[in-house]
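Summary of the model geometry
Each chain, written out:
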Amino acid sequence: MHTTNVVSAAAAYERVLRVFVSGKAVVLFTIDGCSMCHVVKQLLFGLGVAPTILELDGGGGGQLHSLLCRISGQRQLVVPAVFVGGRFFGGVESVMACHINGTLVPLLKDVGALWL
């Protein structure tokens, strides 16, 4: 494949990923068997949130991981990678810190992930 076509394809995939993430209230990128991913999923489920979850350990996970680094602005992306309201929110530390300080539920309400 020609280099220009590879760059164009990567840019197209990045645009698709940005549109996908921005179209959902909460998106989690996880790896099967990851305990921190499980913690974030269970917290969100317990709050009544139904996040969109994409597992990175399937086919194409490495390419998706590099695209996620670009759209999140992170050099090294750690899972779970949490996007809220179309923007990169962080990982388990960010989610737990906001939960503990009481700002997670209002944020989830603001983006339409919770209706309570």
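Residues numbered from 1 in each chain as written. Predicted model: local features only at pLDDT ≥ 70, side-chain atom pairs only at ≥ 80, totals over all residues. Heavy atoms only, no water.

Observations regarding the overall build of the protein
- For the protein, the helix and strand inventory stands at 5 helices and 4 strands.
- In the protein, buried positions account for 34% of the 116 residues.
- Across the protein, the fraction of contacts at a sequence separation of at least 24, relative to all contacts at a separation of at least 6, is 62%. (Helix = DSSP H or I, 4+ residues; strand = E, 2+ residues; numbered from the N terminus. Buried < 20%, exposed > 50% of the residue type's maximum accessible area, 1.4 Å probe, protein only. Contact = heavy atoms within 4.5 Å.)

Overview of the sheet that holds strand β3 (residues 81–84)
- Here we have 4 strands laid out as an open sheet, ordered β2-β1-β3-β4, and mixed in their pairing. The sheet is open, and its two borders are formed by β2 (52–55) and β4 (87–90), each paired with just one other strand. Strand-to-strand twist across the sheet, computed as the mean angle between neighbouring axes with direction ignored, equals 25 degrees.
- Against the sheet, helix α2 (residues 35–47) makes contact with β1 (26–30), β2 and β3, and its axis sits at roughly 155 degrees relative to β1, the strand it touches most. (Pairing = 2+ DSSP bridges. Axes fitted to C-alpha atoms, helices over the stretch in contact; angles between N-to-C directions.)

Things to note about the pattern of salt bridges
- Evaluation of the coordinates by the stated rule reveals 3 salt bridges.
- One salt bridge connects R70 with E14, and the closest N-O pair in it is separated by 2.8 Å. Of this pair, R70 sits in helix α3 (residues 61–72) while E14 sits in helix α1 (residues 3–22); the two residues are 56 residues apart in sequence, bridging distant segments of the chain.
- Residue R70 is classed as partly exposed on the basis of its relative accessible area of 42%.
- With its nearest N and O atoms 3.4 Å apart, the salt bridge here joins K41 to E55. One end of the pair, K41, is in helix α2; the other, E55, is in strand β2, with 14 residues separating them in the sequence.
- On the accessibility criterion, E55 (35% relative accessible area) is partly exposed.
- Several salt bridges converge on common partners, so that one network encompasses E14, R18 and R70. (Salt bridge = Lys/Arg side-chain N within 4 Å of Asp/Glu carboxyl O.)

Let's talk about the pairing of β1
- With 5 of its 5 residues buried, β1 lies for the most part within the structure.
- Sheet analysis places β1 next to β3, joined by 4 bridges and oriented antiparallel. What sits directly across from V27, in β3, is F83.
- Bridge count between β1 and β2: 4 bridges; the pairing is parallel. When the bridges of β2 are listed, F29 appears paired with L54.
- Note on the crossover from β1 through α2 to β2: the handedness is right-handed. (Right-handed = clockwise from strand over helix to strand, strands pointing away.)

A word on α2
- Compared with an ideal rise of 1.5 Å per residue, which puts 13 residues at 18 Å, α2 spans 19 Å between its outermost C-alpha atoms and is within 8% of the ideal.
- Within α2, burial applies to C37, V40, K41, L43 and L44. Here the buried residues of α2 occupy an arc of 160 degrees about the axis, which is enough to place them on one side.
- Residues of α2 that are buried in the fold lie against β1, β2, β3, α4 (92–101) and α5 (104–110).
- Looking at the residues trailing α2, positive phi occurs at G48, about 95 degrees. (Expected span 1.5 Å × (residues − 1). Arc of directions from axis to C-beta.)

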